[in-house]
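Structural features, examined
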Amino acid sequence: MNTLLAGNPKTKTTGTPLPWGRWGLRSVAISYLIVMLVIPLLVILQDGMREGLVELWRQVTLPIAWHALKLTLWTSAMMVVLNTIMGTLTAFVLVRYEFPGKTILNAIIDLPLAIPTLVTGVMLVVLFGPQEAIGSWLKEQFDTSIIFAPPGIIMALLFLTFPFVVRSVQPVLLELDLAQERAAATLGAGGWTIFWRIILPPLTLPILTGALLSFARAIGEFGSIVIVAGNIPLVSQTAAVYVFGEVESENRLGASAVSIAMVAIAFSLMMAANYLRKLSKKGSPEEIE
Amino acid sequence: MKNSIANNPALLSRIVQSVDKQKGKWIGWIMIGVVLMYVSVLILAPLIALTVNAFERGLGAVIASFSQSYVLLSFWNTLWIGLIVVSIHAVFGTIVAWVFVRHRFPGRDLINGLVDMPFAVSPVVAGYMLLLLFGRNGLLAPLVEATGIRVAFAFPGMILATLFVTLPFMIRELIPVLEAFDTRQEKAAATLGANGWQTFWRVTFPALRWGMIYGITLTFARALGEFGAVLVIGGAAQGKMMTTTLFIYHALEERQYIGAYSAALALGLFSLVLVLGSDRLRRKGH
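Residue indices begin from 1 for each chain and proceed along its sequence in written order. Labels are handed out in written order, letters beginning with A for the chains and numbers beginning with 1 for the ligands. Side-chain atom pairs in this predicted model are given and counted only at pLDDT of 80 or more, local residue features only at pLDDT of at least 70, and totals for whole chains, interfaces and linings cover all residues.

**A few points about the overall build of chain B**
- Put simply, DSSP marks the helices as runs of H or I at least four residues long and the strands as runs of E at least two long, and each gets a number from the N terminus on. Across its full length, chain B carries 15 helices and 0 strands.
- For chain B, restricting intrachain contacts to residue pairs at least 6 apart in sequence, the fraction spanning at least 24 positions comes to 76%. Placing C-beta atoms from the backbone, we regard two residues as in contact once those atoms come within 7 Å.

**So, the overall build of chain A**
- A tally of regular secondary structure across chain A gives 14 helices and 0 strands.
- Radius of gyration here uses only the C-alpha atoms, and the compact-globule reference equals 2.2 Å multiplied by the residue count raised to the power 0.38. A compact globule built from 289 residues should have a C-alpha radius of gyration of about 19 Å, whereas chain A, at 24 Å, is more than 25% larger.
- Taking the principal axes of its C-alpha atoms as reference, chain A extends roughly 65 × 65 × 35 Å.
- For chain A, with 289 residues in total, the buried portion stands at 41%.
- Here the analysis covers contacts within chain A between residues at least 6 apart in sequence; of these, 75% occur between residues at least 24 apart. Here the C-beta atoms are placed from the backbone, and a residue counts as buried if at least 20 other C-beta atoms lie within 10 Å of its own, exposed if 12 or fewer do, and partly exposed otherwise.

**Re the domain arrangement of chain A**
All names here are of chain A.
- By convention here, the domain bounds are inherited from an automatic or database domain assignment. On domain assignment, one finds that chain A holds domain 1 (16–49) and domain 2 (52–283).
- Here the C-alpha centre of domain 2 lies 32 Å away from the C-alpha centre of domain 1.
- Residues were grouped as follows: Ala, Val, Leu, Ile, Met, Phe, Trp, Tyr, Cys and Pro as nonpolar; Asp, Glu, Lys and Arg as charged; and all remaining residues, including Gly, as polar. For the side of domain 1 that touches domain 2, the residue count by class is 3 nonpolar, 1 polar and 1 charged.

**Description of the environment of B:S122**
- With respect to the helices and strands, the residue B:S122 is situated in the loop between α7 (117–120) and α8 (123–134).
- As for B:S122 and B:L143, which are separated by 21 residues in sequence, their C-alpha atoms are 27 Å apart.
- Ignoring any residue separated from it by four or fewer positions in sequence, one finds B:S122 in contact with A:G220, A:F222, A:A240, A:M262 and B:G228.

**Regarding the interface of chain A and chain B**
- With 75 residues of chain A in contact, the opposing surface of chain B contributes 85 residues.
- Per-element accounting of the side of chain A that touches chain B gives the leading share, 13 residues, to helix α2 (residues 19–49) of chain A.
- Here the residues of the side of chain A that touches chain B sort into 56 nonpolar, 12 polar and 7 charged.

**Considerations on the packing of helix α7 (residues 117–128) of chain A against helix α3 (residues 26–54) of chain B**
- Axis angles are defined between N-to-C directions and span 0 to 180 degrees, where every axis is a line fitted to C-alpha atoms and, for a helix, only to the segment in contact. At a minimum axis distance of 8 Å, the contact between α7(A) and α3(B) shows a crossing angle of 80°. By the angle between their axes, α7(A) is roughly perpendicular relative to α3(B). Contacts between α7(A) and α3(B) involve A:V122, A:M123, A:L124, A:V126 and A:L127 from the first element and B:A45, B:P46, B:L47, B:A49, B:L50 and B:N53 from the second.
- Per-class residue counts for the contact of α7(A) with α3(B) are 10 nonpolar, 1 polar and no charged. Note that the term roughly parallel is reserved for angles under 35 degrees, roughly antiparallel for angles over 145, roughly perpendicular for angles of 65 to 115, and oblique for everything else.

**So, unusual backbone geometry**
All names here are of chain A.
- Of note in the backbone geometry, F148 takes a positive phi value of approximately 65° without being a glycine.
- The topology assignment puts F148 in the loop between α8 (133–142) and α9 (150–175).
- With a phi angle near 60°, E250 is a residue other than glycine that sits in the positive phi range.
- Here E250 lies in the loop between α13 (239–248) and α14 (252–283).
- Here E250 falls in the exposed class, since 11 other C-beta atoms lie within 10 Å of it.

**What about the environment of B:A54?**
Residue and element names in this part refer to chain B.
- Looking at where A54 falls in the secondary structure, it is placed in helix α3.
- In this structure, the C-alpha to C-alpha distance between A54 and L72, residues 18 residues apart in sequence, is 17 Å.
- In this structure, A54 is in contact with V62, I258, Y261, S262 and L265, ignoring residues within four places of it in sequence.

**Description of the nonpolar core**
- For the purposes of this analysis, a nonpolar core is taken to be any set of buried Ala, Val, Leu, Ile, Met, Phe, Trp, Tyr and Cys residues that are connected through C-beta atoms within 7 Å. With 153 residues, the main nonpolar core has A:V122 and A:V243 as its most contacted residues.
- The residues contacting A:V243, other than those within four sequence positions of it, are A:A255, A:V258, A:S259, B:V124, B:V125 and B:Y128.

**A look at α3(B)**
Residues and elements named next belong to chain B.
- Over its 29 residues, α3 runs 40 Å from end to end, which matches the ideal 42 Å to within 8%, given 1.5 Å per residue.
- Working definition for bend: take the seven residues up to and ending at a residue and the seven starting at it, fit an axis to each, and measure the angle between the axes. Of all bends in α3, the biggest is about 40°, found at S40.
- Those residues of α3 lying buried are I32, V35, V39, I43, P46, L47, A49, L50, N53 and A54. Take the number of residues in a helix, subtract one, and multiply by 1.5 Å to get its expected span.

**Describing the packing of helix α4 (residues 63–96) of chain A against helix α11 (residues 191–219) of chain A**
All names here are of chain A.
- It is at 9 Å that the axes of α4 and α11 come closest, and there the two elements cross at 145°. For the pair α4 and α11, the crossing hand works out as right-handed. On the side of α4, the interface is formed by T72, S76, M79, V80, N83, T84, G87 and T88, while α11 contributes L203, I207, G210, A211, S214, F215, A218 and I219.
- Each residue belonging to the contact of α4 with α11 can be placed in one class, and the counts come to 8 nonpolar, 8 polar and no charged. Handedness of a crossing is defined here by the sense of rotation of the near helix relative to the far one, left-handed for an anticlockwise turn of less than a right angle and right-handed for a clockwise turn.

**Notes on the confidence of the model for chain A**
Residue and element names in this part refer to chain A.
- Per-residue confidence from the predictor is reported as pLDDT, a score between 0 and 100. Mean pLDDT for chain A: 86, with 90% of residues reaching 70 or above.
- Low pLDDT, under 50, characterises residues 1–16; the predicted model gives this stretch 24 contacts beyond four residues in sequence or across chains.
- Contacts for the low-pLDDT stretch residues 285–289, under 50 throughout, to residues beyond four places or in other chains number 2 contacts.

**Structural notes on the environment of B:Y261**
- Take B:Y261: it is sitting in helix α15 (residues 257–285).
- Taking the C-alpha atoms as reference, B:Y261 lies 6.5 Å from B:L50; in sequence the two are 211 residues apart.
- Beyond its immediate stretch of four places on either side in the chain, B:Y261 contacts A:V122, A:V126, B:L50, B:N53 and B:A54.

**Some points on the confidence of the model for chain B**
Residue and element names in this part refer to chain B.
- Mean pLDDT over chain B: 85, with 89% of residues reaching 70 or higher.
- Across chain B, element-level confidence peaks in α8 with a mean pLDDT of 94 and bottoms out in helix α1 (residues 2–6) with 53.
- Scored by ipTM, the complex comes to 0.86, with pTM at 0.87.

This is how it looks when you write it as structure tokens:
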């Protein structure tokens, strides 16, 4: 019995000593994942491919579908650029400065994670809708609309993904050693030089991770966008809304083809984010568990 | 020069102080101002606008819209779906996290990637996958007919759709907690004669408790707010089986704005209290 205690604490053992319990648990876990995730994914792959890859490609490049995919990608890309800048800035301000309302700001960051995306859409329509005060003012003064147009899509995506970059950068920024910046300043470096050469390099990986995660999250967004952008083909119809329309009109091939394209794009972005996260963990050997 | 600074702590601390002071001047206030403006416009203003608009015609109109029987029924349905989904994920999610952390077997990395899959799959696509399986011409249509249990356009389909979308939360929340748990405690319990179950319930489970509670609330909040997947599998046009999000969507289409806004506000606030509250609890628990 004592040999058990003397064993290396790092080696993982099962809590259930019986071998059948161990195999039972393992097969329960694996079958659960297969039923819940693998089978549905295989079904949609099979459905999209049933007329061959050429037909799949044709369905994806049909003018309306192609426009929807392009709109999804460029609005998401715009969001990523803005979110990266503002997310990094927010993390920086939260870590480095003291100001009234800081704790409230820190709590507000996570708010988009808790609010259902449909509710997000409703909130934005209420604020910027064409009949509302701000919406009609923008229309009169600048002849731009936010709702039922790409800016609304970008705003909805910015709302949803705001925590991703902030929460990815914040912990790394907290760990940075202030002594390096002080040394640089003592040696005559200006604020800008310190930012580019001392602060930014260690933040690159977490910033990229947050950016990729928000990109992946944005590709499939539906709830907020269907409210904010409506369903206007070739104008404000995104890929997810397009798939919804094709499912409703029972165009299975079109729906499956664009679904496969969306899943493929979003999943590769997420895998890239996971890879970067692993990379940045390896980079800091003194990380405390 | 270098030496003299290093050897003179008073001088060094003066330099450090002056550097730190410079940094916190006007540029700091500009950055703080920009961030506060951004958060106010992007997050706070929409939230306030929704609150104001829901109460535009007074509290009476809000109460009147909530007391309609189909609105109450939609809340009730949402709550049931959430509870069922949470109970299933609480059990199976814990098992998956356990197997992932404690067992070593080929294909373990595959599980790691697979668990995140629902984050990358659009909710619409998730609902559509289930339609391909259980719909009228679906692969499992013969099975559906044989058993007589309707899945698509019915309660079971909505539960399955919500299960798919919420799968990662419990598992992702528990894996780090399990990894941080010191297995020597279990070995000690075993040495003292506890069997597998006793060790789990009295040693391992108490350590996992806060992680589980947070995972459960996240799953629950996400389940309450699920829309796209439920819309597709529930049959958008029929609209017989209502959930809160489906009610909001239909109310907007029918221009019942007070009903839509007040339901959206209620749902949003409920999820918010749930998630932020359990986050507080978790921090206290640690």
